[in-house]
Amino acid sequence: VEDPAFYDDLPEPLQLGHTARLQDPVTVVGYPTGGDNLSVTVGVVSRVDVQAYSHSSERFLTLQIDAAINAGNSGGPALKAGRCVGIAFETLDDAENIGYLIPAAVVARFLDDLRSHGEYTRWCSLGFS
């Protein structure tokens, strides 16, 4: 956005919260395909796991939720008590009402990496497979 006035009345940014735990309720916000309004879905964290992220194939902590995350919702926040506890990023094509979040701890690590190094420098690995 080139017009500096655009930034005059922006609300405060969301704060990162702690990573949601198993059975925590979360609210996922986004703009799914097929609509022009904000979409809000509610669910609970139904699994905490380590899985390969579809966009990088690297394995990280993942939160599975039972709230619908549809195409276009990716990148939207998952909220608990007004704080961002995760970022919506994918669903399973052959399953209903299963979505995945990038947990706040992983988001925080990524943002800290960008602030410290100006780029994503990856996570260390022990070399086990």
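Note that the structure is predicted; figures quoted are calculated from it, not measured.

**Student:** I'd love a proper account of the packing of aromatic side chains, names of residues and values included.
**Tutor:** Per the counting criterion, the structure on display carries one aromatic pair. Ring centres of Phe-6 and Tyr-7 lie 5.1 Å apart, and the angle between their planes is 90°; on these two criteria the pair is classed as edge-to-face. Judged by relative accessible area, which is 46%, Phe-6 ranks as partly exposed. A relative accessible area of 45% places Tyr-7 in the partly exposed class.

**Student:** Provide a residue-level description of the nonpolar core, including the pertinent values.
**Tutor:** The nonpolar side chains of soluble globular proteins are, as a tendency, buried together. Residues Ala-20, Val-26, Val-28, Val-45, Leu-63, Ile-65, Ala-67, Ile-69, Ala-78, Val-85, Ala-88 and Leu-101 constitute the largest nonpolar core, which totals 12 residues. With residues up to four places along the chain from it excluded, the contact list for Val-85 reads His-18, Thr-19, Ala-20, Val-26, Leu-63, Ala-78, Leu-79, Lys-80, Ile-102, Pro-103 and Ala-104. Counting residues in each nonpolar core, the second largest holds seven residues, with Phe-60, Phe-89, Tyr-100 and Ile-102 among its members.

**Student:** Describe helix α1 (residues 104-117), listing the residues and the values that go with them.
**Tutor:** The end-to-end C-alpha distance of α1, which contains 14 residues, comes to 20 Å, matching closely the 20 Å that a straight helix rising 1.5 Å per residue would cover. Every buried residue belonging to α1 is among Ala-104, Val-106, Val-107 and Asp-113, and all of these are buried. Downstream of α1 by a residue or two, Gly-118 has a phi angle that is positive, lying close to 75°.

**Student:** An account of the side chain of Thr-62 is needed here, citing residue identities and associated values.
**Tutor:** With respect to the secondary-structure elements, Thr-62 resides in strand β3 (residues 59-65). Among the polar contacts listed, one links the side chain of Thr-62 to the backbone oxygen of Phe-60, at a separation of 3.1 Å. Those residues in contact with Thr-62 that sit more than four places away from it in its chain are Arg-47, Val-48, Asp-49, Gln-51, Tyr-53, Phe-89, Tyr-100, Leu-101 and Pro-103.

**Student:** Mind laying out the pairing of strand β1 (residues 25-30), listing which residues take part and the relevant values?
**Tutor:** Of the pairings in the sheet, the one linking β1 to strand β2 (residues 39-52) comprises six bridges and is antiparallel in character. Paired with Val-26 across the bridge in β2 is Gly-43.

**Student:** Please set out the confidence of the model for the chain residue by residue, giving values where relevant.
**Tutor:** Low pLDDT means the predicted atomic positions in that stretch should not be read closely. Averaged over every residue, the pLDDT of the chain is 85; residues scoring 70 or more account for 91%. Mean pLDDT across the secondary structure elements of the chain bottoms out at strand β5 (residues 83-91), with 87, and peaks at strand β4 (residues 77-80), with 94.

**Student:** Can you break down the environment of Phe-60 residue by residue, with the values?
**Tutor:** Along the chain, Phe-60 falls in strand β3. The buried category is assigned to Phe-60, whose relative accessible area is 10%. For the pair Phe-60 and Ala-104, spaced 44 residues apart in sequence, the C-alpha to C-alpha distance is 12 Å.

Reading the values: rules and limits
- Residues numbered from 1 in each chain as written.
- Predicted model: local features only at pLDDT ≥ 70, side-chain atom pairs only at ≥ 80, totals over all residues.
- Heavy atoms only, no water.
- Phe/Tyr/Trp six-rings, centres within 6.5 Å; stacked < 30°, edge-to-face > 60°.
- Buried < 20%, exposed > 50% of the residue type's maximum accessible area, 1.4 Å probe, protein only.
- Core = buried A, V, L, I, M, F, W, Y, C linked by side-chain atoms within 4.5 Å.
- Contact = heavy atoms within 4.5 Å.
- Helix = DSSP H or I, 4+ residues; strand = E, 2+ residues; numbered from the N terminus.
- Expected span 1.5 Å × (residues − 1).
- Polar contact = N/O pair within 3.5 Å; in protein donor to acceptor, adjacent residues only side chain to side chain.
- Pairing = 2+ DSSP bridges.
- pLDDT = per-residue confidence, 0-100.

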